[in-house]
Amino acid sequence: MSTFFIEFRDPLFGIIIFFILVFMISISSYWWTKYSNKEKNKSLDKFLKDLKQTPSVAEMQNLISKGSLSIKSWMLLASLYAKNGDFEKSIEIYNELLKVDDGNNTRELMFLLGRTYFKAGFLERAKQIFLNILKNNPRTPEALKYLLLVYEYMRDFDSAFEVLEPLDELEHDIELDAHYLRAMKLLSDHTIQDDAKVEQLIEIYKKDGDLTYLIFEYIFRTDPQFAWKNFDGCKGEKLIDILWSLDASKLDLDIISKNSFLKELYTARGDIKEVTKSTIFELDVLINLEKRANATLSFEYICDGCKQVFPFSFSRCSSCHAIDTVRVDLLLVKDHYKNDFEENNSFQ
Ligand SMILES: [Zn+2]
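Quick caveat: nothing in here was measured; it's all calculated off a predicted structure.

(A) The overall build of the chain, seen in detail. When helices and strands are tallied, the chain shows 17 helices and 3 strands. The burial tally for the chain puts 21% of its 348 residues in the buried class. Pairs at least 24 residues apart make up 43% of the contacts formed inside the chain by residues separated by at least 6 positions.

Below is the structure:
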């Protein structure tokens, strides 16, 4: 019998017990891992389901306070909501995160909240947030830049000028911003007469030759003669849409006859017959068509900073907020005005 049973004092007995224990621990560990993965997947499925159903504000508050996701994940989610234009959800998430934040992410969360308020058009709230950030951390250039934008959008140009000073101290180039704010303040001031405005705008333009589009758009509209007098021959292409839509009675033929671009432009429009071709494709086509087809120019506006295309001109890009980066692009299109005009006249 002793050959079949191992006595408990036998060393072999200890080894067998050891292997039994290892086996049991491995089995229980395997089942525990499987169970916890299943629970995790369940919770992930629930979260994804919640996302698809866009949880209500109360549900989101509940999820954030429970801490079921990390702050960084919530921040990513908030930025996705803002990108898709759901600013309300994005703002709610940032506000709730600020309530549970331990102080490590406060400045970043406040900045993101302020930026979302700005994008959503809540300028006063955005202003308060950025001022709050700067009260505790005055050397925060991103908050200063957004505060400048907020003041500009609020047409509070004096406060915007005050923001330039700390930005200058932080070694940011503020020259163009200063010119732009001066020009914008002038343009929005209804107490200044048009002739005084054009004089001051030209003064700003002559400093560095920037803001060409903003300044000449106004001057060609209010005082074309003064605009031609100060017209810089090499800036014609920058102003092509303004020059194209200028009334024939407002043209300065002396200046046009001395500038090759202007000669091509107004030959293409049919005002003069000075050239037979152009290096600009669209103008070349129109010159060669000589009004035999209902074609004209249309324009779109590209930001040289972020390459975003807009159907209207701008002085500050609404996407990347860069100043004076507009480039006018030409398009050959059917001249609907000419069609309508001819159809209306044929019934007379
Ligand atoms: Zn841009």
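(B) Main features of the nonpolar core. By size, the foremost hydrophobic cluster in this structure holds 57 residues, and its most contacted members are Tyr-94, Leu-113, Phe-130, Leu-147 and Ile-215. It is helix H7 (residues 141–153) that contributes the most residues to this core, 7 residues altogether. If sequence neighbours within four positions are ignored, Phe-130 has contacts with Gly-114, Ala-143, Tyr-146, Leu-147 and Val-150.

(C) Looking closely at helix H9 (residues 175–188). For H9, spanning 14 residues, the distance from its first C-alpha to its last is 20 Å, which sits close to the expected 20 Å at 1.5 Å a residue. Of the positions making up H9, those classed as buried are Asp-177, His-179, Tyr-180, Leu-181 and Ala-183. Turning to H9, the residues buried within the fold contact helix H8 (157–169), helix H10 (194–208) and helix H11 (212–222).

(D) Up close: the packing of helix H5 (residues 106–120) against H7. Interaxial distance between H5 and H7 falls to 11 Å at its minimum, and their mutual angle equals 20 degrees. The orientation of H5 with respect to H7, classified from their angle, is roughly parallel. Note that H5 runs across H7; the crossing there is left-handed. Every residue of H7 that contacts H5 at Phe-111, Gly-114, Arg-115 and Phe-118 is listed here: Glu-142, Ala-143, Tyr-146, Leu-149 and Val-150. Considering only residue class, the contact of H5 with H7 consists of 6 nonpolar, 1 polar and 2 charged.

(E) A look at the pairing of strand E1 (residues 295–303). Bridge analysis of E1 against strand E3 (residues 326–334) gives 9 bridges, and the strand direction is antiparallel. Along E3, the bridge assignment pairs Tyr-301 with Val-328. Pairing between E1 and strand E2 (residues 309–310): 2 bridges, direction antiparallel. Along E2, the bridge assignment pairs Tyr-301 with Phe-310. Taking the residues between adjacent antiparallel strands as the criterion, E1 and E2 are bridged by 5 residues, where Lys-307 takes a positive phi near 65 degrees.

(F) Geometry of the environment of Arg-269. With respect to the helices and strands, Arg-269 occurs in helix H15 (residues 260–269). Each C-alpha atom of the pair Arg-269 and Thr-296 lies 7.9 Å from the other, and the pair is 27 residues apart in sequence.

(G) Geometry of the packing of H7 against H8. Between H7 and H8, the least distance of the axes is 8 Å, while the angle of their chain directions is 165 degrees. Classified by the angle between their axes, H7 and H8 sit roughly antiparallel to one another. Where H7 crosses over H8, the handedness of that crossing is left-handed. Contacts from Pro-141, Leu-144, Leu-147, Leu-148, Tyr-151 and Glu-152 in H7 reach Ser-159, Ala-160, Val-163, Pro-166 and Leu-167 in H8.

(H) Up close: the sheet that holds E2. Read across the sheet, 3 strands follow the order E2-E1-E3 without closing on themselves; strand pairing throughout is antiparallel. Because the sheet does not close on itself, it has two edges, and the strands there are E2 and E3.

Scoring rules and cut-offs
- Residues numbered from 1 in each chain as written.
- Predicted model: local features only at pLDDT ≥ 70, side-chain atom pairs only at ≥ 80, totals over all residues.
- Helix = DSSP H or I, 4+ residues; strand = E, 2+ residues; numbered from the N terminus.
- Buried ≥ 20, exposed ≤ 12 C-beta atoms within 10 Å, placed from the backbone.
- Contact = placed C-beta atoms within 7 Å.
- Core = buried A, V, L, I, M, F, W, Y, C linked by C-beta atoms within 7 Å.
- Expected span 1.5 Å × (residues − 1).
- Axes fitted to C-alpha atoms, helices over the stretch in contact; angles between N-to-C directions.
- Parallel < 35°, antiparallel > 145°, perpendicular 65-115°, else oblique.
- Left-handed = near helix turned anticlockwise from the far one by under 90°.
- Nonpolar A, V, L, I, M, F, W, Y, C, P; charged D, E, K, R; others polar.
- Pairing = 2+ DSSP bridges.

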